[in-house]
Amino acid sequence: MKWLSSLRSRIFLATAALTVLSIGVAIYLVSVRVTREAENSLQREIASTARLVDQFRATRTQTFTMMARLIADAPKLKAAVDTNDPPTVQDTADDYQAQLNSNLVLITNKKGAVLATIGGSPRTGDIVASQASVKRALMGHEGISLLPQPDGIMQLVTVPISVGLAQPDILGTLSVGFLLDDAFAGQLKQLTGSDIAFGMDGQILSTTVPRADRELLSDLLSDGASPSNVRLRDEEFAVLPIRLGTGEPLPEGVGPVALILRSRTEQLRFLSEIHTELAVTAVVAILLGTLLSFTVARTVTRPLAAITRVMREVATTGDLTRKIVLRSNARWDDEDAKLLASTFNTLTDTVARAQRENSQRERLSSLGRLSTVIAHEVRNPLMIIKAALHTLRRPAVAPEEVREVATDIDGEVARLNRVVNDVLDFARPITFDCSATDLNALCRESASAAQATPGATVTIDADPSVGIVKTDGERLRSALVNVIMNARHAVDGQQTQRVTLTTRRAGGTVIITVGDTGLGIDRANLPQVFDPYFTTKRGGTGLGLPITRNIVEGLGGTIVAASEPGRGTEIRITLPLDSTSAPATHSEDRLLT
Amino acid sequence: MQTWFPFRRALLAVLVLAAILPGYRPVDAARNGAIAGHVELRRPPVAVGRRPGVTDLGTPTVQPMAEPQMSVVYLEVAPRGAFEQTDTTRAIMDQRNETFVPHVLAITTGTTVDFPNSDHIYHNVFSLSKTRPFDLGRYAVGRSKSIRFDRPGIVRVFCDIHSHMSAFILVFSHPFFAVTDPAGRYRIDNVPPGTYTLVAWNEGVTSESRQVLVSDAGVTEADFSLR
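These figures come from a predicted structure and were not determined experimentally.

Cut-offs applied
Residues numbered from 1 in each chain as written. Chains lettered and ligands numbered in written order. Predicted model: local features only at pLDDT ≥ 70, side-chain atom pairs only at ≥ 80, totals over all residues. Helix = DSSP H or I, 4+ residues; strand = E, 2+ residues; numbered from the N terminus. Buried ≥ 20, exposed ≤ 12 C-beta atoms within 10 Å, placed from the backbone. Contact = placed C-beta atoms within 7 Å. Arc of directions from axis to C-beta. Core = buried A, V, L, I, M, F, W, Y, C linked by C-beta atoms within 7 Å. Pairing = 2+ DSSP bridges. Axes fitted to C-alpha atoms, helices over the stretch in contact; angles between N-to-C directions. pLDDT = per-residue confidence, 0-100. Parallel < 35°, antiparallel > 145°, perpendicular 65-115°, else oblique. Left-handed = near helix turned anticlockwise from the far one by under 90°. Nonpolar A, V, L, I, M, F, W, Y, C, P; charged D, E, K, R; others polar. Expected span 1.5 Å × (residues − 1).

## Regarding the overall build of chain A
Phase 1 of the analysis: Looking only at helices and strands, chain A has 14 helices and 17 strands in total.
Phase 2 of the analysis: Burial status across chain A gives 33% buried among its 593 residues.
Phase 3 of the analysis: Taking contacts inside chain A between residues at least 6 apart in sequence as the whole, the part at least 24 apart equals 62%.

This is the structure we're talking about:
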């Protein structure tokens, strides 16, 4: 995961993940809470409707009970019932019914036989008379009974008609009934806003919902008192069945039940609105959070990026004058990054100053050494030239002598020229011109060029697998000549005078080794052999090996010296097979910068 | 026809059949016997929820008196000549403490019953009974109204001001009846010897009729149990 290794990515990812997580959790919790609250409020409304229905029914029952008691207590009714004469009772009952405005009035005698009926279906009288509540009333107790009627549930209040205080004599019973019909349900709906249905024995008898939906609702009547759901006309309703009590225990599933229906659709609409709003909020918040995370990550890493860029430039160009410039108005940028940037700027300043001072010192010392070498190298020829001129000034100089002096002067001028050339060679930037070169052939040429002067013979051990190398043959030859001449000088005057040149191929490189059996180099001097102006030879400029190293390194190779005093020295040059891609080094850096 | 209770039918039968029964001799007190006995009431007491009464409207509380319930024992079929009594008599049904006193009054036909108001409030006496429907209207304390009962039967009277007040007037066409004392005992005197059908009545409930043999100057025991 390379992407994750970036600080910016990690900060961004962590912040964004945190944002998404916290917003997600918050939205989820809110959503869950809102949903639960909505459901709770629906259940509360249903429960409150159920209470209202119960209360309303209880109030009405109470009213009718009061009225029934009052009527049953009327002496006229008692006297009429005592006659046991239906027409007499009917007359009296008609009067009361007119005032009661009830759906049913029923009077029985003390044996429970019907004396008068007003309202209800033709068979109602007999059905009512057989009710337990009538029998209870004959025992002196009031009772409530619920009867199914075609247009609703008839709620009956039955009271005894009795006379006497100490030993009451029960003359008969009076039942007053009112219908829990569509109109009653409608009244309740106006009060509560919930739909109501009354049913009994698995059949819906009155309701506020359309007639067509009754079938669906009747299935819910036997469900006991557990809340459920029903779908009517593409609308979802929460349903709570409540049993309508009469004070008498009834077998489960057959008793009168009121169904309270509350539409969920409104609730769902409200919920879906809330959910949509929450979702939009979440998306916006996450987008903003992500953007913010990105910005925060950038404020930390932008200065770092700027610092890195400048550092890289400094590293590649070596230009210490480059500075890290942070935006002046970036007050949101990281303080640590700013500190880092300013520290880096100070560091480069210090390094640049130290480098300047160092190069100044080096220049001065180089100049001093060069001056000494040049003065020394130039004075000797000058002295010889001066002596030659002195000879020429003598009168009657023999022509042979003039020729000899001219030759001397010529030689010394050549030497002076060589000194100047060496200095220039070392100081001038080297440009390479690479081409395919047969390295072994080049080595032989170099060896024969170096053997132009008398001295030791060079033994060549060429590896044929070296073959053609892409390099600057001219420069390499001068470097090799220099090394071979040094080796021949080293063996000059020694007992064994052997100089060897070996070429070897090693992987993608070629190794050229020049060995001698000379005096060797002192251990103390060995590290300095490639330094400019270091020389142990009289008449040497100390620039031969430095120039050689410049060339070899310019061709992308390396040069090392190994030596054992008294036994000999070995110079090993390692070169790439193709030097065109090698970076060119500028030798003048060592001298002039 | 449920409108006629069995005991009423029986009573009517007394009145009709008695007139045509053969073998009746003029009453001879010296040879006549008596029927005595006890009527036991086994009816469970009925408790009815207390209703708001006139007493709740600020008047002093009337403690309902747990009066012993009087029963009436009578001959279902009376001996001939029993109906020849024509002397007009009077009886009194008082109204005291929002109660008719006595609660059960047994009279012979032709009796005029006075309903004096001995209470401290207005009262009314009315009946919707087939035997003798009447309404004496409301009248003040100290006044009395009366009504004569010429047909045998049972008349239940009410007060249209006080819903808890009621009383029974049993009108017989013969004198062979007796109202029990508080202990439930009764005694019908001066019954000519013979076999009779005896019936006990209490608050609209009649017992099974039973045959009794009345001998000369003897007391025949007959106990009843009413549910």
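Back to the write-up after that little detour.
## Structural notes on helix α6 (residues 182-192) of chain A
Residues and elements named next belong to chain A.
Phase 1 of the analysis: The set of residues buried in α6 consists of F184, A185, L188 and T192. Projection of α6 onto a plane perpendicular to its axis shows the buried side chains occupying an angular sector of 100°, all on one side.
Phase 2 of the analysis: Buried residues belonging to α6 abut α1 (7-72), β5 (169-180), β6 (195-200) and β7 (203-207).
Phase 3 of the analysis: Remark: G193 follows α6 within two positions and exhibits a positive phi of approximately 85°.

## Concerning the nonpolar core
Phase 1 of the analysis: Ranked by size, the top nonpolar core spans 111 residues in total, and within it A:I196, A:A197, A:L259, A:I260, B:V73, B:I169 and B:F177 carry the most contacts.
Phase 2 of the analysis: Membership of the second largest hydrophobic core comes to 34 residues, among which are A:L439, A:A447, A:I512 and A:I571.

## Here's the deal with the sheet that holds strand β2 (residues 114-118) of chain A
Residue and element names in this part refer to chain A.
Phase 1 of the analysis: Spatially, the five strands line up as an open sheet ordered β2-β1-β5-β4-β3, and their pairing is antiparallel. At either end of the open sheet lies a strand with only one pairing partner, and these are β2 and β3 (143-149). With direction set aside, neighbouring strand axes in the sheet form an average angle of 20°.
Phase 2 of the analysis: As paired strands, strand β1 (residues 104-109) and β2 are joined by four bridges and run antiparallel to one another. Paired with V105 across the strands is I118, a residue of β2.

## Description of the sheet that holds strand β15 (residues 509-516) of chain A
Residues and elements named next belong to chain A.
Phase 1 of the analysis: Overall, mixed pairing links the five strands, which are arranged β12-β14-β15-β17-β16 in an open sheet. Edge positions in the open sheet fall to β12 (458-461) and β16 (558-564), since each of these has one partner strand only. In this sheet, neighbouring strand axes are inclined to one another by 15° on average, regardless of whether the strands run parallel or antiparallel.
Phase 2 of the analysis: Pairing of β15 with strand β17 (residues 568-576), which is carried by seven bridges, proceeds in the antiparallel orientation. By the bridge assignment, V514 is partnered in β17 with I571.
Phase 3 of the analysis: Against the sheet, helix α13 (residues 544-554) engages β16 and β17, with an angle of about 135° to β16.

## Comments concerning the confidence of the model for chain A
Phase 1 of the analysis: Mean pLDDT over chain A stands at 82; residues scoring 70 or higher make up 93%.
Phase 2 of the analysis: With pLDDT under 50 throughout, residues 585-593 of chain A is counted as low confidence; its partners more than four residues away or in other chains account for 18 contacts.

## Remarks on the pairing of strand β4 (residues 152-163) of chain A
Along a regular strand, successive side chains alternate from one face of the sheet to the other.
Residue and element names in this part refer to chain A.
Phase 1 of the analysis: β4 sits mainly inside the fold: 12 of its 12 residues count as buried.
Phase 2 of the analysis: Where β3 meets β4, seven bridges bridge the pair, whose relative direction is antiparallel. Counted as the bridge partner of Q149 is G152 from β4.
Phase 3 of the analysis: Connecting β3 to the antiparallel partner β4 that follows it, the hairpin turn spans two residues.
Phase 4 of the analysis: The pairing of β4 with β5 spans 11 bridges and is antiparallel. Opposite I161, over in β5, you have G172 as the bridge partner.
Phase 5 of the analysis: The hairpin turn running from β4 into β5, its antiparallel successor, is five residues long, and G164 in that turn takes a positive phi close to 95°.

## A word on the packing of helix α2 (residues 75-83) of chain A against helix α3 (residues 86-100) of chain A
Angle between the axes and distance between the axes: these two values describe a pair of packed helices.
Residue and element names in this part refer to chain A.
Phase 1 of the analysis: Axis separation between α2 and α3 bottoms out at 7 Å; the angle between their running directions is 160°. In terms of orientation, α2 and α3 fall into the roughly antiparallel class. Here α2 and α3 pass one another in a crossing that is left-handed. Across from K76, L77, A80, V81 and T83 in α2, the residues of α3 making contact are T88, V89 and T92.
Phase 2 of the analysis: Taken together, the residues of the contact of α2 with α3 sort by class into four nonpolar, three polar and one charged.

## As for the environment of B:H123
Residues and elements named next belong to chain B.
Phase 1 of the analysis: Tracing the backbone shows H123 in strand β8 (residues 123-127).
Phase 2 of the analysis: A count of 26 C-beta atoms within 10 Å places H123 in the buried class.
Phase 3 of the analysis: A sequence separation of 17 residues divides H123 from A140, and the C-alpha atoms of the two residues are 6.8 Å apart.
Phase 4 of the analysis: Residues within four places of H123 in sequence aside, it is in contact with Q95, N117, R138, Y139, C159 and I161.

## Describing unusual backbone geometry
Comment: phi is negative for the bulk of residues other than glycine, and the bulk of peptide bonds are trans.
Residues and elements named next belong to chain B.
Phase 1 of the analysis: The omega angle of the peptide bond from V101 to P102 is 0°, so this bond is cis rather than trans.
Phase 2 of the analysis: Here the phi dihedral of E98 falls at roughly 60°; this positive angle occurs in a residue that is not glycine.
Phase 3 of the analysis: Within the secondary structure, E98 is located in the loop between β4 (94-96) and β5 (99-101).
Phase 4 of the analysis: E98 sits in the buried class, given 21 other C-beta atoms within 10 Å.
Phase 5 of the analysis: Positive phi is not limited to glycine here, since N190 has a value of about 60°.

## Some thoughts on the environment of A:F237
Residue and element names in this part refer to chain A.
Phase 1 of the analysis: Its location among the elements puts F237 in strand β9 (residues 235-243).
Phase 2 of the analysis: By the C-beta count within 10 Å, which is 25 here, F237 ends up buried.
Phase 3 of the analysis: Along the sequence, F237 and R262 sit 25 residues apart, while their C-alpha atoms lie 5.2 Å from each other.
Phase 4 of the analysis: Filtering out sequence-adjacent residues up to four positions away, F237 remains in contact with N229, V230, L232, L261, R262, S263 and R264.

## Here we look at helix α8 (residues 265-317) of chain A
Residues and elements named next belong to chain A.
Phase 1 of the analysis: Along its 53 residues, α8 runs 74 Å from first to last C-alpha, staying within 8% of the 78 Å computed at 1.5 Å per residue.
Phase 2 of the analysis: Listing the buried residues of α8 in full gives S293, A297, T301, P303 and V314.
Phase 3 of the analysis: Turning to α8, the residues buried within the fold contact α1 and α9 (335-393).
Phase 4 of the analysis: Directly beyond the C-terminal end of α8, a positive phi value near 70° is found at G318.

## Some remarks on the confidence of the model for chain B
Residue and element names in this part refer to chain B.
Phase 1 of the analysis: Per-chain confidence: chain B averages 79 in pLDDT, with 73% of residues scoring 70 or above.
Phase 2 of the analysis: At the level of individual helices and strands, chain B shows its lowest average pLDDT in helix α1 (residues 6-20), which scores 48, and its highest in strand β7 (residues 111-116), which scores 94.
Phase 3 of the analysis: This model gives residues 13-27 a pLDDT under 50, and the stretch forms 29 contacts once residues within four places in sequence are excluded.
Phase 4 of the analysis: Ignoring residues within four places in sequence, the model shows residues 53-61, a span with pLDDT below 50, making five contacts including any to other chains.

## So, the packing of helix α12 (residues 473-491) of chain A against α13(A)
Residue and element names in this part refer to chain A.
Phase 1 of the analysis: For the pair α12 and α13, interaxial distance at closest approach is 9 Å and the crossing angle is 145°. When you trace α12 past α13, the crossing you get is left-handed. Touching R475, L476, A479, N482, V483 and N486 of α12 are G544, I547, T548, I551 and V552, all from α13.
Phase 2 of the analysis: Taken together, the residues of the contact of α12 with α13 sort by class into six nonpolar, four polar and one charged.

## Notes on the environment of A:L217
All names here are of chain A.
Phase 1 of the analysis: Structurally, L217 is set in helix α7 (residues 214-218).
Phase 2 of the analysis: Sequence separation of L217 and L259 is 42 residues, and the distance between their C-alpha atoms is 8.3 Å.
Phase 3 of the analysis: Filtering out sequence-adjacent residues up to four positions away, L217 remains in contact with A197, I204, T207, V209, V230 and L259.

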